[in-house]
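Analysis of the macromolecular model
So you can see what is in the structure, the chains are spelled out below.
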Amino acid sequence: MDVYDCTNDYEYPESPISGGALEKVLNRGYVILGSRGNYSSASSGTYTRPPKGASPDIDREAFRRVGVHYGRQLDVVYNLSFSATDDVLRSLLSGIIDGTTCNYAQGALYGGLQRRAVVFRPSCSTLGDTVHMCVTASSGVADVAALNALIAATNRKGQAVLGAVGTSTFQTLQQIFQDAVVITYQTDMLAIAALKAEGSTLLGVAASRLASDYDPSVVWFSVGHVENLVSFFRREPRTENKVANSSAEPYWRTGNTLLAQVYNAAQVWLASLGTKSDIYAAYNMTVVDVGDCLGKESAYSVPETPIGTLQHVLSSGKLTIGVVIGESYPLKVILPGSADPTGALTDLERSVATWIYRQYSSVKPVIATYIKYNSSAELLAALDAGEVDVTSNNAFVGGQYDGEARRNKFQASCSSVSTQLSLYVQKSLSVTTLPGFVEYLMAHSAENVTVGALGTGNVQIAQSLLGVNVSVVLCENSTELFQSLLRVPRRVGIVPDYVPTVPPEFGELVEIPLGVTISTCAFFRRDAYDACGDGELDPSCGEECDIKGNGCTATCHCDTYFKPNGTRACVAACGDGVVDTNFGEECDSSHGCNDKCVCKDGYHSTGRHCSKSSMVGAIVGGTLGGIFVIVMIFVIVGLLVTIPLLRRKFMIEGGKEARSHMFAFKRSHARGPRDPTISRSSLYE
């Protein structure tokens, strides 16, 4: 099954980045891909020596074409020395390999905690591998419901056990059959042999089945889950998100990864609780489970300390969602004006908002609120500018924005819904298959026939599947799309979103499955991050260096006695032959200068060098210093003696003057009777 998550407008880079991974691969003439040794899958291939099958053939052909484009011969060399998937991915991070083989499930976890697609950069899907369960014919099990009943009956007596081939299928079974213990096997052959072994306790094994397989002793059935397989490559940080201090940025530039994390956790939990399936059932929808988010619910933990956008959502009580006006019932209907969006995916968004609130019960309820836009490009520009917290969850994961893949510019959530895409034509065309319709287009190409498609994603898919023989025209809503098949001249087919049943007013139409599963998702911003610590020198962010050690501090500034030199590392200021007084240097040579470029004891600076102070100078200097100290002592002692003597003298003279005034008063008072007209106070004036 083809899981369609890339459009047909990808281009080769004009020139590889100097020193980058692509340039290195082209120069040496081969790319190193990693895989677990002895991995074997009937559908995707066998990675033994030499690797063979569908996936290895895709590996070789893809890189052969890369080499042809750049005029080089480019081969594939396999590193099959790994025993576990996480070992392969760790070697990718450390640069031992250039990429993984193309048979890795995108939705599985790395290190048991993080989605692979978040840590690494996935390629377009190479295969859509339907997960099949193999059980013994004697068990009487023929579908998922019967297997769940058998698991429940077994658990009443002991422990139900299932087998799985590979890490991603192991995580898939954990998600679907949560009451069973799941064990892993390296190859399909080993897993099926263990199931058939006498006395086996396995109830079933999830493995790959080829159409040619036939063994009457076992029964195969689909578990309703598709693993989209990809290659993984190292993810490079986006330089436009690099800032000097992320904590000083507007709130909406951080916390977006945390919001995406809790959003994905909500979807996984709602799926395990049956809420998602109940929503789809209410709209009579049949959906495909594409495994781009796997693992038990506990793997998607809720951040304990919200920041940025997530904190704003919780404090404001609003999850602001951007939507594009258009009708795509039953998935979503967004009409102009103030009417609220409706549909299955809108119901899911409101359930996600409620679930988020319940994880942070100390804050106000979180309500999904909507802002409407006229196009996907306008919506994504608003997301990039911080006008909304997230896009609606009916965004096509494989689309483009501003000449770049959406999922590279933004963070994509787990798939909200995955459906089979179909082409609808008038019964009068007498066409019932896709090849037959392509032949019809080629035969009528001169008539300028057209095909309508709902949304930019479907336009791109239809154009890539139908080729250049037809013009695919964009329609914004389902009603307009179906009406165009009846009213628009030379309109010969339409590609809507998922439609459970065609409205009878549009007549009898023929549905032609396109063999494509299309997933929708929500998009989040990528967070701003601090330039310091990424190993790149960014002077525009105030960095002097960016490397651990070598005189570079944790804030990317050169430490004491070090100075920047235009590279990631700092250089020692001392020893370059230049006296840098800004770094505390007194000298910079081997003459009387220590390893910190400070003059040694008994030396003084004379420029680059330090000169030894002479004995005469030392004696004279010491003598003068001693004389100065003695003089200062005499001055201080003199002051201490003189000040009390002066104070005593002033006090004595003041007393004599006061007594003379008193004697004068007594003499004047003794000369005769007091004049009654003279007041007492006047005597003292």
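Each remark here, short or long, concerns the structure printed above.
A few points on the structure.

Cut-offs applied
Throughout this document, residue positions are counted from 1 along each chain, in the order its sequence is written. Residue-level local features of this predicted model are given only where pLDDT is at least 70; pairs of side-chain atoms are given and counted only at 80 or more, and the full residue set underlies all totals for whole chains, interfaces and linings. Note: side-chain values were computed over all heavy atoms of the structure, leaving out hydrogens and water. Within this document, salt bridges are pairs made up of a side-chain nitrogen of Lys or Arg and a carboxyl oxygen of Asp or Glu, the two lying within 4 Å of each other. Put simply, DSSP H or I for four residues or longer makes a helix, DSSP E for two residues or longer makes a strand, and each gets a number counted from the N terminus. For every residue, the accessible area obtained with a 1.4 Å probe (protein chains only) is divided by the maximum for its type, and the residue is called buried under 20%, exposed over 50%, and partly exposed between those limits. By convention in this document, the label disulfide applies to cysteine sulfur atom pairs within 2.5 Å. To get an axis, fit a line to the C-alpha atoms, keeping to the stretch in contact for a helix; angles then go from 0 to 180 degrees between the N-to-C directions. To sort the angles, those under 35 degrees are grouped as roughly parallel, those over 145 as roughly antiparallel, those from 65 to 115 as roughly perpendicular, and the leftovers as oblique. Should any heavy atoms of two residues lie within 4.5 Å, those residues are considered in contact. Polarity classes work like this: nonpolar for Ala, Val, Leu, Ile, Met, Phe, Trp, Tyr, Cys and Pro, charged for Asp, Glu, Lys and Arg, and polar for all others, with Gly in that last group. The definition of a polar contact used here is a pair of N or O atoms within 3.5 Å, where within protein one atom must be able to donate a hydrogen and the other to accept one, and adjacent residues in sequence count solely through side-chain atom pairs. Throughout, nonpolar core names a set of buried Ala, Val, Leu, Ile, Met, Phe, Trp, Tyr and Cys residues whose side chains join them through atoms within 4.5 Å. Pairs of strands are assigned from DSSP output, requiring at least two bridges between the strands. For patch building, the residue pool is restricted to those with more than 30% relative accessible area and no salt bridge; the joining distance is 9 Å between like charges and 5 Å between nonpolar side chains (Val, Leu, Ile, Met, Phe, Trp, Tyr). Note that accessible areas follow from Shrake-Rupley with a 1.4 Å probe, and for residues the cover is restricted to the protein chains shown. None of His or the chain ends enter the tally, which takes Lys and Arg as positive and Asp and Glu as negative. Each Phe, Tyr or Trp ring, with Trp reduced to its six-membered ring, pairs with another whose centre is within 6.5 Å; inter-plane angles below 30 degrees give stacked pairs, above 60 give edge-to-face pairs, and intermediate values give tilted ones. Should the near helix be turned counterclockwise from the far one by less than a right angle, the crossing is left-handed, whereas a clockwise turn marks it as right-handed.

1. Overview of the pattern of salt bridges
Counted by the stated rule, this structure contains 16 salt bridges. One salt bridge connects D98 with R28, and the closest N-O pair in it is separated by 2.1 Å. Here R28 lies in helix α1 (residues 21–28) and D98 lies in the loop between α3 (85–93) and β6 (99–100), a separation of 70 residues in the sequence. Under the relative-accessibility criterion, R28 is labelled partly exposed at 33%. Between R65 and E61 there is a salt bridge whose closest N-O contact spans 3.0 Å. Placement of both R65 and E61 in helix α2 (residues 54–69) is noted, with a separation of four residues, approximately one turn of the helix.

2. What about the state of the cysteines?
This model, assessed by the stated rule, comprises six disulfides. Each disulfide pairs two cysteine sulfurs, and for C587 the partner residue is C593, the sulfurs being separated by 1.9 Å. Linking C587 and C593, the disulfide has an S-S dihedral of approximately 85° and is accordingly described as right-handed. Each member of the pair, C587 as well as C593, is classed as buried. In this model C599 forms its disulfide with C610; the gap between the sulfur atoms is 2.0 Å. Since a negative S-S torsion denotes a left-handed disulfide, the C599-C610 link at about -80° is left-handed. Here C599, found in the loop between β36 (570–572) and β37 (603–605), pairs with C610, found in strand β38 (residues 610–612); they are 11 residues apart in sequence, far enough to count as distant. No difference in accessibility class separates C599 from C610, as the two residues are buried. Its sulfur unpaired, C521 is 9.7 Å from the next cysteine sulfur, which belongs to C414.

3. Some details on the packing of helix α8 (residues 256–272) against helix α11 (residues 344–359)
Where α8 meets α11, the axes come as close as 9 Å, and the angle between the chain directions of the two elements is 110°. With respect to α11, the element α8 is oriented roughly perpendicular. Every residue of α11 that contacts α8 at V262, Y263, A265, A266, Q267, W269 and L270 is listed here: L348, E349, S351, V352, W355 and I356. Among the residues forming the contact of α8 with α11, the class breakdown is 10 nonpolar, two polar and one charged.

4. Concerning the environment of S519
In this fold, S519 is placed in strand β32 (residues 509–521). Accessibility expressed as a relative area gives 5% for S519, which makes it buried. Considered as a pair, S519 and V290 are 229 residues apart in the sequence and their alpha carbons are 7.6 Å apart. Setting aside residues no more than four positions away along its own chain, S519 makes contact with V290, A395, F396, V397, S415, V417 and S418. Here the side chain of S519 touches S418 through a polar contact of 2.7 Å, side chain to side chain.

5. A word on the nonpolar core
Y280, M285 and L319 are the most contacted members of the largest nonpolar core, which totals 35 residues. Of all the secondary structure elements, the ones that give two or more residues to this core are α8, α9 (275–282), α10 (308–316), β19 (318–324), α11 and β22 (367–373). Formed by 27 residues, the second largest nonpolar core is a distinct cluster that contains L423, I461, V495 and V510.

6. Re the pairing of strand β31 (residues 491–495)
Across the five residues of β31, five count as buried, placing the element largely inside the fold. In terms of strand pairing, strand β29 (residues 450–454) meets β31 through four bridges, oriented parallel. Along β31, the bridge assignment pairs A453 with V495.

7. Focus: a nonpolar patch on the surface
Among the surface-exposed residues, I627, V631, V635, L639 and I643 lie close enough to one another that they form a single nonpolar patch of about 440 Å² accessible area. By secondary structure assignment, the location of I643 is in helix α17 (residues 615–669). Accessibility expressed as a relative area gives 49% for I643, which makes it partly exposed.

8. Overview of the side chain of R525
Looking at the element boundaries, R525 is found in the loop between β33 (523–524) and β34 (529–530). Buried R525, no salt bridge; nearest opposite-charge side chain is D389, N-O distance 4.6 Å. Here N256 takes part through its side chain, which lies 3.3 Å from a polar atom of the side chain of R525. Polar contacts involving the side chain of R525 include one to the side chain of T309, which spans 3.4 Å. Those residues in contact with R525, other than ones at most four positions away along the chain, are W252, N256, T309, L383, D384, G386, V388, D389, F410 and Q411.

9. Some points on the packing of aromatic side chains
A full pass over the atoms with the stated rule returns 10 aromatic pairs. Between F120 and F232, the aromatic rings sit 6.1 Å apart at their centres with planes inclined by 55°, giving tilted as the arrangement. With F120 in strand β10 (residues 120–122) and F232 in strand β16 (residues 232–234), the pair connects residues that are 112 residues apart, well separated along the chain. Each member of the pair, F120 together with F232, is buried. Through pairs of rings, three or more aromatic residues link up here, namely Y110, F120 and F232.

10. Re the environment of K600
By secondary structure assignment, the location of K600 is in the loop between β36 and β37. With relative accessibility at 42%, the residue K600 sits in the partly exposed group. Each C-alpha atom of the pair K600 and S611 lies 9.4 Å from the other, and the pair is 11 residues apart in sequence.

11. Focus on the sheet that holds β6
Strand pairs in the sheet, formed through backbone hydrogen bonds, run parallel or antiparallel to each other. Here three strands make up an open sheet; going across it, the order is β5-β2-β6 and the pairing parallel. Whereas interior strands pair on both sides, the edge strands pair on one side only; in this sheet they are β5 (75–82) and β6.

12. Let's talk about the pairing of strand β2 (residues 30–36)
Among the seven residues of β2, six are classified as buried, and the element is accordingly described as predominantly covered. The pairing of β2 with β5 spans six bridges and is classified as parallel. From the neighbouring strand, I32 faces β5, where its bridge partner is V77.

13. Quick notes on the packing of α9 against α11
At a minimum axis distance of 9 Å, the contact between α9 and α11 shows a crossing angle of 150°. Considering the angle they form, α9 stands roughly antiparallel to α11. Between α9 and α11 lies a crossing of right-handed hand. In contact with T275, K276, I279 and Y280 of α9, α11 contributes A344, L345, D347, L348 and S351. In terms of residue class, the contact of α9 with α11 is built from five nonpolar, two polar and two charged.

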